[in-house]
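Below are the chains, spelled out letter by letter.
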Amino acid sequence: MNRQKALNLLGLAMRAGKLITGEELTINEIRKQKVSLVLVASDASENTRKKVTDKSNFYQTTCLVEFTESELAHAIGKPRKVIGVMDQGFAKKMVSLIQG
């Protein structure tokens with residue numbers, strides 16, 4: 001239930017323009033420390049998961065590997081494996097729903 005709420009919130013954040021999607025764009029925003037939360041698809045390639053989680057850990061950004069690519073794509077309406085949440089409020093609520 002909370003997983004679905006988190007995905008619904010992700011869709012809302014997308015419509016509000018508070019997401020950055022795609023691996024390279026998200027990594028660039030992590031470097032600038034503008035991302036509050038990073039979501040990586042659990043079925044993304046090992047190389048992609050490692051690159052994004054390592055970068056997140058280095059810049060002390062929360063990184064979650066909870067959802068599949070199809071769940072993330074369904075939530076935001078685009079096929080993406082890496083999503084960065086730019087808004088602190090959305091990020092906090094998503095983490096609390098997922099880790100609940």
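Each remark here, short or long, concerns the structure printed above.
Residues numbered from 1 in each chain as written. Predicted model: local features only at pLDDT ≥ 70, side-chain atom pairs only at ≥ 80, totals over all residues. Heavy atoms only, no water.

### Side note on the nonpolar core
Step number 1: With 31 residues, the main nonpolar core has Leu10, Leu37, Leu39, Val85 and Met94 as its most contacted residues.
Step number 2: At the level of elements, α1 (2-15), β1 (19-21), α2 (23-31), β2 (37-40), α4 (69-76), β4 (82-85) and α5 (88-99) are the ones that each hand at least two residues to this core.
Step number 3: When residues in this core are grouped by element, the largest group, six residues, is from α5.
Step number 4: Aside from chain neighbours lying at most four places away, what touches Val85 is Leu10, Lys18, Leu19, Val35, Ser36, Leu37, Phe90, Ala91 and Met94. (Core = buried A, V, L, I, M, F, W, Y, C linked by side-chain atoms within 4.5 Å. Buried < 20%, exposed > 50% of the residue type's maximum accessible area, 1.4 Å probe, protein only. Helix = DSSP H or I, 4+ residues; strand = E, 2+ residues; numbered from the N terminus. Contact = heavy atoms within 4.5 Å.)

### Re the environment of Glu66
Step number 1: Turning to its location among the elements, Glu66 is positioned in the loop between β3 (62-64) and α4.
Step number 2: Here Glu66 falls in the partly exposed class, since its relative accessible area comes to 35%.
Step number 3: Residues Glu66 and Arg3, spaced 63 residues apart in sequence, show a C-alpha to C-alpha distance of 8.9 Å.
Step number 4: With residues up to four places along the chain from it excluded, the contact list for Glu66 reads Arg3, Val40, Glu71 and Ile98.

Honestly, that's just the spatial picture; any functional story needs more than this.
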